[in-house]
Amino acid sequence: MTLASHIPSGATSSKWPLHAKRRLIWISLSWCLVAALEAMAYTVLAQAITHQQSPVWVLLTACVAILMTILTTRAGFFCGVRLSGDLFETLGQAIARAKLSWLTDTRRAQLAMLASQGIPGFMSVPAHQIQTFLHAPLLPLFLVCGIAWLSGPAVALLTAGTLALSLFLQFKAQMALIESDKTRHTANIGTANATIEFVDHLELLRTTAGPTRAIGRIEQQWQTQEQVLANTNRAAAKATLLSAVAKFLPLACISAYLTITTISTPIMTLALLVLVTRAAAPLGELALAGLGINQLRAAVNDYLQSTLVPTLPEPEATQALVPDGHHLSLKNICQPPVLNQISAEIEPGAHVIISGPSGSGKSTLLELLIRFDDPQSGAITFGGVPLHQMRYAELTSHIAYVAQDPVVFTGTLAENIRLGRAGASRADVEIAARHAMLGHVIDRSPDGIDQPVGHQGSALSGGERQRIVIARALLKAAPVLILDEATAALDEETERQIAAYVSTLPATLIIVTHRDPTIWQPTKIITLTEPTQI
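Everything numeric here is computed off the predicted structure, so don't read it as measured data.

Right, let's talk about the overall build of the protein for a bit. Looking only at helices and strands, the protein features 17 helices and 9 strands. Once local pairs closer than 6 in sequence are excluded, the contacts in the protein between residues at least 24 apart make up 79%. Counting every atom, the protein has about 27,000 Å² of accessible surface; 61% of that belongs to carbon and sulfur.

Taken in spatial order, the 4 strands line up as β2-β1-β4-β5 in an open sheet, and their pairing is antiparallel. Each edge of the sheet is formed by a strand with only one pairing partner; in this case those strands are β2 (339-346) and β5 (385-386). Taken together, the 2 bridges between strand β4 (residues 377-382) and β5 define a ladder with antiparallel strand orientation. Within the sheet, the bridge partner assigned to F382 lies in β5 and is V385.

All chains considered together, the criterion is met by 1 cavity of 30 Å³ or more. Quantified by volume, the largest cavity comes out at close to 30 Å³. The wall of the largest cavity is formed by L483, E485, A486, T487, I511, V512, T513 and W520. Its residues placed into classes, the lining of the largest cavity shows 5 nonpolar, 2 polar and 1 charged.

This brings us to helix α14 (residues 426-435). Buried within α14 are the following residues: V429, A432 and A433. Each buried residue of α14 sits inside an arc of 100 degrees when the element is viewed along its axis, so together they form one side. At its buried positions, α14 is contacted by α13 (413-417), α15 (439-443) and α16 (462-476). Directly after α14, the chain includes M437, whose backbone phi takes a positive value near 65 degrees.

In this structure's numbering, the residues bearing the UniProt feature "transmembrane region" (unreviewed entry) are residues 24-45, 57-77, 141-169 and 248-276. Along residues 24-45 the backbone is 100% helical and 0% strand, and the end-to-end C-alpha distance reaches 31 Å. Along residues 57-77 the backbone is 100% helical and 0% strand, and the end-to-end C-alpha distance reaches 30 Å.

It is worth spelling out the packing of aromatic side chains at this point. One pass over the structure, following the stated rule, counts 1 aromatic pair. With a centroid separation of 5.7 Å and an interplanar angle of 80 degrees, the aromatic rings of F372 and Y401 are classed as edge-to-face. Of this pair, F372 sits in the loop between α11 (362-369) and β4 while Y401 is found in strand β6 (residues 399-402), placing the two residues 29 residues apart along the sequence.

Okay, the nonpolar core next. Ranked by internal contacts, the top residues of the largest apolar core, which has 37 residues, are I417, I468, I470 and W520. Contributions of two or more residues to this core are made by β6, α13, α14, α15, α16, β7 (480-484), α17 (492-502) and β8 (508-512). Filtering out sequence-adjacent residues up to four positions away, I470 remains in contact with V402, A436, A486, T487, L490 and I498. Listed in part, the 28 residues of the second largest apolar core include I342, I346, L365 and I510.

Within the secondary structure, C334 sits in strand β1 (residues 328-335). For C334, a relative accessible area of 5% gives the class buried. With 40 residues separating them in the primary sequence, C334 and D374 have C-alpha atoms 9.8 Å apart. Apart from the residues lying within four places of it in its own chain, the contact partners of C334 are L339, N340, Q341, P375, Q376 and S377.

What counts, and at which threshold
Residues numbered from 1 in each chain as written. Predicted model: local features only at pLDDT ≥ 70, side-chain atom pairs only at ≥ 80, totals over all residues. Heavy atoms only, no water. Helix = DSSP H or I, 4+ residues; strand = E, 2+ residues; numbered from the N terminus. Contact = heavy atoms within 4.5 Å. Areas by Shrake-Rupley, 256 points an atom, 1.4 Å probe, with all protein chains shown as cover. Pairing = 2+ DSSP bridges. 1 Å grid on protein atoms, 1.4 Å probe; cavity = no way out; pocket = protein on both sides within 12 Å on 5 of 7 lines; lining within 4 Å. Points joined across faces, edges and corners; volume = space filled by probe spheres on them. Nonpolar A, V, L, I, M, F, W, Y, C, P; charged D, E, K, R; others polar. Buried < 20%, exposed > 50% of the residue type's maximum accessible area, 1.4 Å probe, protein only. Arc of directions from axis to C-beta. UniProt positions renumbered as here; feature names shortened; annotations may be inferred. Phe/Tyr/Trp six-rings, centres within 6.5 Å; stacked < 30°, edge-to-face > 60°. Core = buried A, V, L, I, M, F, W, Y, C linked by side-chain atoms within 4.5 Å.

The structure is reproduced here in structure tokens:
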């Protein structure tokens, strides 16, 4: 099965950044040059031993090889940092445009692992992995050429044969290790997913199952991962043993050959053994490379899957249309299984209540208006322009949205509210906060709007977090304000005060609420019915 078969319809095109590819190519060529220079230095050393020459050329070639190794390693580290930054940027751009329905719990866990382990792991590729898989096999090849030049083809061919056999044994060990380790990444994803679920729902699990039983759902995944890691460790032990045997095989064979044949002088034998020992040494670097290969391949697959995400089509800037006004029109909207043939006209400045039983598609309809997704059929226009013919940035500049679940980030009160309008002044932020009934929160701390809200708003109550999100939307001052159960966590008096202020705004209000809708002074009600099969 090819990678293309996994690419979802309407996905963004995923490419490794071109400048990152160029850097990797240059680093790869540099490691090839390092291998050639090191082989040359050892060959000159062997010749100096054999002919008892001055060490000047030995020192000169050794210094050149060492200098090139240092420069390449340093460039590799810098390249790794830039590579990581490039991949984070590309990933962020892809996720920012992804369909929200694509972000399942499993994909969230996959993204968490990619961001915390996968992409940071790419930093080691130029300085380590490329060295292992280019320098390790090329150095023995170049040294065989040096052996041939120093002692003739017979010893060189025997050395090449034993090195090839050693490399084959290493390859077989790595294939067995890779096969044993191939389920580790899947187990890690499963554990990450289970851990996120456990942490997110810890209050529920502890209150319903108690502290001991609360870990029951995650314990099985831990046991699965433990078994996978045990299998990997057993395979790694076998691979290490075979690698040790393979590493010393060339030296043992050449030593035996030179001892039996007596075709060389003791000094020549010493020089050849120096070259053979150095030629066999890099093969030991491949001992546990299979683990790195699996981890790197899994990270690459995760990266490609996370950047080949389904997105909503968006016109080019030169082809995009600009809305004329803020009139919203819904014509025969169908979004199975909840919405069927929904039509409505929402005039600028209207106060619209969307009502209906739980599960009738109220939140789904709001998400279509904000274009988190496109309806399966029907059309939505904003200012006379179909949503899919507008740039997304243009659409969102006209709409402020408050979701059911308030999202508060770690930081200060002002930083959270200012997300509604970057660069807003302190005075504007405080005005929006007080209109959202956050005055008592501001006044209870000498830091005012600069007070920290704790980790993801942990220093605030549920109602205070909800009011921060409302303040964020008020600060944006968009011509269309969409509230999805935005005041569900507030007491009735606070809700009335916020509704009274919001109703005075020169904006179109689209509201979902299970409380008294009259406080929003509605001019239109859109009633959704029970879901039906279409």
